[in-house]
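Close look at the chain arrangement
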Amino acid sequence: MIPVSLVGARGYVGLELMRLLAGHPRFELVHAASRERAGQSVSDQVPALPASLRYSTPVPEALPALTSGAYVLALPNGMAGAYVEAIGKIAPDAVVIDLSADYRFDPAWHYGLPELAQSAPGHRIANPGCYATAMQLAVAPMLDRIEGPVQCFGVSGYSGAGTTPSPRNDPDALRDNLMPYALAGHVHEREVARQLRVPVEFMPHVAPHFRGLTVTANMHLSAPIGIDEVLDIYRRRYAKAPLVHVQDAAPLVRDNAGRHGATVGGFTLSDDARRLVVVATLDNLLKGAATQAVQNLNLAFGLDSLAGIDALASTETVA
Ligand SMILES: NC(=O)C1=CN([C@@H]2O[C@H](COP(=O)(O)OP(=O)(O)OC[C@H]3O[C@@H](n4cnc5c(N)ncnc54)[C@H](OP(=O)(O)O)[C@@H]3O)[C@@H](O)[C@H]2O)C=CC1
Ligand SMILES: CC(=O)N[C@@H](CCC(=O)OP(=O)(O)O)C(=O)O
């Protein structure tokens, strides 16, 4: 078994990672860190994990040396650096996956969106943002036909905002509501523009549901296209990607919540056939975070990319 350390184990993403690792045939969670839960058994949250494994206090210098293992960082943005530095000293060849935005713009790190990546991951992997994953899956197949900026309207469940209290994860503030935020310059706007090399105008919103997000992408095309050709482009692009489902109808958030994959659909053309609208949905905590991290871990260790991930399964939901 390949040993794995998880820092940020209490969070929404950390919990999903623990569940996935508990059922994985080749990875073994040997270290889980949380300030709030230090000393408690991880089996209190995930009964399939050994009762003997207790949360440690997260301290970079106290990480275990997993020379041929992996470290997964699921911390708030801006915190990964101290852990990456410590790992570089105690286990420089170990695999590190960071789920925050801290290394997504660092050319020394592999950007791990497996369905679109041009190369296999190395030992330093930046896991993409949740909306950024949906936007790229929606837009990438049309890249050589797009003219001008792509507009993306996004709506996320409030688990996307993590557990630190804010209006964006306050069920009272969100009740019967839709809350726009970061309407220009969101980090995922820059992330997608950098990866796809096309200008992106992203307008995120948060809604009262817990998990699952949707992105509606509006693309202006350099030449008219037929709807059958559009469908054919998407179906061919994702034919060998079991976690990306292509359908005619517009996907709904709740159909994908608690599932590992993303769904792309709702293909709609304007009358002049030069404006294409595409909808992509995924679970922000799974394909938008934990499932994608496990895909990256699998690939980094030469395993099947779906090892430990049942593409058709619906996971236990957290709320
Ligand atoms: N939520 C989502 O949908 C997605 C999140 N991400 C990214 O994944 C990361 C984790 O997100 P999420 O699980 O939602 O966040 P949460 O707020 O739910 O969890 C944050 C985690 O970090 C720990 N933590 C917080 N502050 C510190 C600190 N100072 N030192 C050590 N540990 C700390 C917390 O545990 P404790 O306080 O007990 O130490 C907790 O385990 C973030 O970078 C986020 O941007 C990426 C894609 C999707
Ligand atoms: C609803 C909500 O607040 N969502 C988060 C996205 C979560 C995510 O993917 O975040 P990182 O890029 O920080 O890893 C946000 O917009 O910041």
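Residues numbered from 1 in each chain as written. Chains lettered and ligands numbered in written order. Predicted model: local features only at pLDDT ≥ 70, side-chain atom pairs only at ≥ 80, totals over all residues. Heavy atoms only, no water.

Under the UniProt annotation, the feature "active site" (unreviewed entry) is placed at Cys130. On the secondary structure map, cysteine 130 appears in helix α3 (residues 130-139). Owing to a relative accessible area of 15%, cysteine 130 belongs among the buried residues under this scheme. Beyond its immediate chain neighbours, meaning those up to four positions away, cysteine 130 contacts His188, Leu213, Leu282, Asn284 and Gly288. (UniProt positions renumbered as here; feature names shortened; annotations may be inferred. Helix = DSSP H or I, 4+ residues; strand = E, 2+ residues; numbered from the N terminus. Buried < 20%, exposed > 50% of the residue type's maximum accessible area, 1.4 Å probe, protein only. Contact = heavy atoms within 4.5 Å.)

Cross-referencing UniProt, the feature "domain: Semialdehyde dehydrogenase NAD-binding" (unreviewed entry) maps to residues 3-123 in the present numbering. Across residues 3-123 one finds 18% helix and 18% strand; the C-alpha atoms that close the span lie 15 Å apart.

Of all hydrophobic cores here, the largest spans 49 residues; its most connected members are Met142, Met219, Tyr234 and Tyr238. No other element matches α3, which puts eight residues into this core. With sequence-adjacent residues up to four places away left out, methionine 142 is seen in contact with Met219, Leu221, Ile225, Ile233, Tyr234 and Leu276. Judged by nonpolar contacts, the second largest core, of 35 residues, contains Phe27, Ala290, Ala293 and Leu306. (Core = buried A, V, L, I, M, F, W, Y, C linked by side-chain atoms within 4.5 Å.)

Moving on, we come to the packing of aromatic side chains. Two aromatic rings are characterised by how far apart their centres lie and by the angle between their planes. Inspection of every chain in the model, using the stated rule, returns six aromatic pairs. When the ring of tyrosine 158 is compared with that of phenylalanine 210, the centres are 5.4 Å apart and the planes differ by 80°; the resulting orientation is edge-to-face. You can see tyrosine 158 sitting in the loop between β7 (150-156) and α4 (171-174) and its partner phenylalanine 210 sitting in the loop between β9 (200-206) and β10 (213-220), a full 52 residues away along the chain. The same class applies to tyrosine 158 as to phenylalanine 210, namely buried. (Phe/Tyr/Trp six-rings, centres within 6.5 Å; stacked < 30°, edge-to-face > 60°.)

Glancing now at the packing of α3 against helix α5 (residues 187-196). Packed helices, taken two at a time, are described by the angle their axes make and the gap between the axes. Taken N-terminus to C-terminus, the directions of α3 and α5 make an angle of 40°; their axes are 9 Å apart at the nearest point. Comparing their axes, α5 and α3 come out oblique. The interaxial crossing formed by α3 with α5 has right-handed handedness. For the pair α3 and α5, contact is made by Cys130, Tyr131, Ala132, Met135, Gln136 and Val139 and by His188, Glu191, Val192, Gln195 and Leu196, respectively. (Axes fitted to C-alpha atoms, helices over the stretch in contact; angles between N-to-C directions. Parallel < 35°, antiparallel > 145°, perpendicular 65-115°, else oblique. Left-handed = near helix turned anticlockwise from the far one by under 90°.)

Here the focus is the sheet that holds strand β13 (residues 275-282). Taken in spatial order, the seven strands line up as β8-β9-β7-β10-β13-β12-β11 in an open sheet, and their pairing is mixed. Each edge of the sheet is formed by a strand with only one pairing partner; in this case those strands are β8 (179-180) and β11 (244-246). (Pairing = 2+ DSSP bridges.)

With that settled, consider helix α2 (residues 80-90). Along α2, the residues that are buried comprise Ala80, Tyr83, Val84, Ala86 and Ile87. Taken end-on, α2 shows its buried residues confined to a sector of 165°, consistent with a single buried face. The exposed set on the far side of α2, more than 90 degrees from its buried face, consists of Glu85 and Lys89. Looking at the buried residues of α2, the elements they touch are β1 (2-7), β3 (70-73), β4 (95-98) and β6 (124-126). (Arc of directions from axis to C-beta.)

A word on the site of ligand 2. Taken together, 14 residues lie near ligand 2, and Asn77, Arg104, Tyr181, His186 and His188 sit nearest. Here an oxygen atom of ligand 2 sits 2.9 Å away from a polar atom, N or O, in the side chain of asparagine 77. The separation between a nitrogen atom of ligand 2 and a polar main-chain atom of glycine 160 is 3.2 Å. Relative to its unbound accessible surface of 430 Å², ligand 2 loses 85% to contact with the protein. At a threshold of 2 Å from the grid points, most atoms of ligand 2 map onto the largest pocket. (Near = heavy atom within 4 Å. Polar contact = N/O pair within 3.5 Å; in protein donor to acceptor, adjacent residues only side chain to side chain. Areas by Shrake-Rupley, 256 points an atom, 1.4 Å probe, with all protein chains shown as cover. 1 Å grid on protein atoms, 1.4 Å probe; cavity = no way out; pocket = protein on both sides within 12 Å on 5 of 7 lines; lining within 4 Å. Sits in = over half its atoms within 2 Å of the grid points.)

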